[in-house]
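# Chains, contacts and geometry: an overview
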Amino acid sequence: MDEEEVMLQIQNTVVSLDIVEKFFLCDLDACLGECCIEGDAGAPITQEEYDKIKEVLPQVWDDLLPQAQEEIKENGVGYIDEEGDLVTQIVDGKNCVFTCYGKNGMCLCALEKAYKEGRIDFYKPVSCHLYPLRLKEYADFTAVSYHRWKICKAAEVLGRAKGVRLYQFLREPLIRRFGEEWYAELETACKLYLEEYGE
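Residues numbered from 1 in each chain as written. Predicted model: local features only at pLDDT ≥ 70, side-chain atom pairs only at ≥ 80, totals over all residues. Heavy atoms only, no water.

### So, unusual backbone geometry
Each neighbour pair has its own omega, and for Tyr131 with Pro132 the value is 20°, a cis peptide bond. Along the chain, the position of Pro132 falls in the loop between helix H6 (126-130) and strand E9 (133-137). (Helix = DSSP H or I, 4+ residues; strand = E, 2+ residues; numbered from the N terminus.)

### Side note on the environment of Gly42
Topologically, Gly42 is positioned in the loop between helix H2 (28-31) and helix H3 (47-60). Each C-alpha atom, one on Gly42 and one on Gln89, is 5.7 Å from the other, the two residues being 47 residues apart in sequence. Other than its neighbours up to four places away in sequence, Gly42 contacts Tyr79, Val87, Thr88 and Ile90. (Contact = heavy atoms within 4.5 Å.)

### Observations concerning the nonpolar core
Generally speaking, nonpolar side chains in soluble globular proteins are found buried as a group. Of all hydrophobic cores here, the largest spans 28 residues; its most connected members are Leu8, Ile19, Leu174 and Leu186. In terms of residue count, helix H10 (residues 180-197) provides more of this core than any other element does, six residues in total. The residues contacting Leu174, other than those within four sequence positions of it, are Ile19, Leu130, Leu133, Tyr167, Gly179, Trp182, Tyr183 and Leu186. Counting residues in hydrophobic clusters, the runner-up holds 22 residues, among them Val60, Leu64, Leu86 and Val97. (Core = buried A, V, L, I, M, F, W, Y, C linked by side-chain atoms within 4.5 Å. Buried < 20%, exposed > 50% of the residue type's maximum accessible area, 1.4 Å probe, protein only.)

Take it as geometry only, folks, not as evidence of what the structure does.
See below:
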């Protein structure tokens with residue numbers, strides 16, 4: 001079986017087999033949330049999310065780093081990147097403006113922090129919640145793929161140790177994006193695939 005040709009089709013999405021084959025469990029003690037500060041563009045956001053972030057900005061303002069505040073004052077909370085996508089604003093060419101820091105230098109999302117503290121009703125962009133999965137919208141379907149890079153190696157190791165598959169780890173954001181019915185279909189497909197081809 002050529003795995004490169006095999007995908008899971010769930011409703012109007014095409015899902016990479018990585019979602020079932022890969023183990024994954026974020027290990028923030030190891031990576032310190034580096035995915036928030038490494039990259040060449042901000043986090044993809046929808047127009048609705050852009051508007052919501054602007055709305056809640058006053059409630060998270062004091063949690064932002066001074067250089068992030070300056071960037072937002074000058075250029076707003078988002079911009080159109082080289083690929084034509086709307087993304088969050090960045091600082092120093094890579095750091096998301098909504099990055100703040102906790103104990104031991106761990107990166108935190110100012111939006112998520114404010115949400116968990118009950119100060120705003122917006123969790124964080126769906127693209128961040130879904131990471132390390134990435135979505136690509138086409139005319140007739142949405143492609144769901146795994147963005148694999150070195151900083152998430154610790155998450156793969158921890159996921160394997162705990163027996164947590166990528167689709168299991170991302171249950172909540174996948175339901176947030178695609179719905180309960182979609183996730184139930186995905187879960188069934190993943191279990192059937194593992195019964196036949198899994199480890």
